[in-house]
Each structure stands twice: as C-alpha cells, then as structure tokens.
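Next come the chains, spelled out residue by residue.
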Amino acid sequence: MKLRSKALGVVLGAGAAGMSLALLFGAGCGGRAAHVATVPPPEDPRVLRTPEAFAGIGDKKERSRALFLEASRVMLHPRCVNCHPVGDSPLQGMNSQVHDPPVARGPEDNGVPGLECTSCHQDRNAQLARVPGAPKWHLAPKAMFWEGRTPRSLCEQLKDPARNGGKNLAEIIEHSAHDELVGWGWKPGADRVPAPGTQAEFGALMAAWVKDGAECPREESRP
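The rules behind the values
- Residues numbered from 1 in each chain as written.
- Predicted model: local features only at pLDDT ≥ 70, side-chain atom pairs only at ≥ 80, totals over all residues.
- Heavy atoms only, no water.
- Disulfide = S-S within 2.5 Å.
- Helix = DSSP H or I, 4+ residues; strand = E, 2+ residues; numbered from the N terminus.
- Buried < 20%, exposed > 50% of the residue type's maximum accessible area, 1.4 Å probe, protein only.
- Phe/Tyr/Trp six-rings, centres within 6.5 Å; stacked < 30°, edge-to-face > 60°.
- Lys NZ or Arg CZ within 6 Å of the ring centre and 35° of its normal.

The name given to the chain in an unreviewed UniProt entry is Isoquinoline 1-oxidoreductase subunit, and the organism recorded there is Corallococcus macrosporus.

Here it is in structure tokens:
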C-alpha cells in the first residue's frame, strides 16, 4: 500500500511539473506574452528619455505608443499647456492659473486691439521685469487646446489637420524640433520650471514616434 502511494505521488508530481513547463512554454512560444516590455520612468522629472531608451520594445506599435507617452510629458507640462488653454485667456505658473493681469485671446489669438500679446511679451525674456518672451508670442488657436487632455486625445488631435493648424506629420516634427516659440518651454527665464529634457530630445521623440507608425496610446495610458 505504501509503495503504491509513493508511486502515485511520483506520477502526480511529474504531471504537475509537466503542466508548469507547458504553461511556461505556452506563454513564451505562440501564447500571450508573459509581460509587455516597459521602460522605467526617470528618477529626475526634468529628464526626458531618448528614443534609444525604448529600443527594447519589440512590438513596433507598442514602441510608437510608448514614445508618444514620453513626448506627452512635454506637451502636457504647464510650460506648454498654459499657451494651449481651453478658454480665451492664457494660463500661467506651474498650477496653470488664469493670466494676471486679465487678458483675452482676441480674434486672431494675439490679444485684443490695444492689448495685444506683444504689448508686454517681446521676442525674448525680459529679465528685470520677469516677463517671458519669444518670437511671435501668441496663444495656440482654440481648436488646438491641450488643457485637460489625456495623452491619447492629444495624440488624436495632433494627427488631425483640422485641429493641428493644417500640418502633416513631417511638419509637426519640424515644428516640435525647431520652432522658436516652442523652444521657449526649455528656456522660460526667471525661476520658472522648464519642460523636461531639451527641444532636440523632444523633436527626436516625435520623429521616432512617426517613424514607428504614429500610434496613439490607449486611453488609460499615462507616462
């Protein structure tokens, strides 16, 4: 009786081991992947990960989504969102409060007659007055608001010429990497917190996102 029980135990043990191996190989060969490759977030929020940091994500679409999520850390930063508001007034500060003194968008996103944006904002930062400045200072068109968007809805907007200023993807890359007003986000002057990384790094992320198919992240995804 004892011998039979021992033999049965060996058989059951072998069966369990076989099942474990089957599950292991099934997950790795033709079954669902055990996990999706992820890239740890940077310890310093001022750092922007480069496209090379995402090279380990083998699935091209997933890599494209991950690249956009990283780029969205720039676009959804207050330095950028403040000039892409929902309403008719620009925002300011890291808490995106309404512009003080009160100003209005105006019919062409440059302010109202007598109080245009360039009445105060010059083509460079005014250090003593602490007034930010860059060439062609103005609000983004109302259709291009970023305030309150998720990375996915932002991505869908950027790919829509009706809501991105009529740009194609190549023009979006160029705008991201070289536009001087965009570049102000990394040199805001005074004690303002700049956007993560550099403009060159941001442009490289956008180019890599487009190269891998310009996929949009899932709605629940966050960088």
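S.K.: With reference to specific residues and values, describe the state of the cysteines.
M.R.: In the structure shown here, the tally under the stated rule is one disulfide. The residue that forms a disulfide with Cys-155 is Cys-216, at a sulfur-sulfur distance of 2.1 Å. Disulfide Cys-155-Cys-216: the torsion about the S-S bond is -80°, which places it as left-handed. One end of the pair, Cys-155, is in helix α4 (residues 151-158); the other, Cys-216, is in the segment after α7 (199-211), with 61 residues separating them in the sequence. For Cys-155, a relative accessible area of 0% gives the class buried. No disulfide involves Cys-117; its sulfur sits 8.5 Å from the nearest other cysteine sulfur, which is in Cys-83.

S.K.: Residue-level account of the packing of aromatic side chains, with values.
M.R.: Per the counting criterion, the structure on display carries three aromatic pairs. A centroid spacing of 5.8 Å and a plane angle of 40° characterise the contact between Trp-186 and Phe-202, whose relative ring orientation is tilted. Here Trp-186, found in the loop between α6 (180-183) and α7, pairs with Phe-202, found in helix α7; they are 16 residues apart in sequence, far enough to count as distant. A single burial state applies to Trp-186 and to Phe-202, both of which are buried. One cation-aromatic arrangement involves Arg-149 over Phe-145; the distance from NZ or CZ to the ring centre is 4.2 Å.

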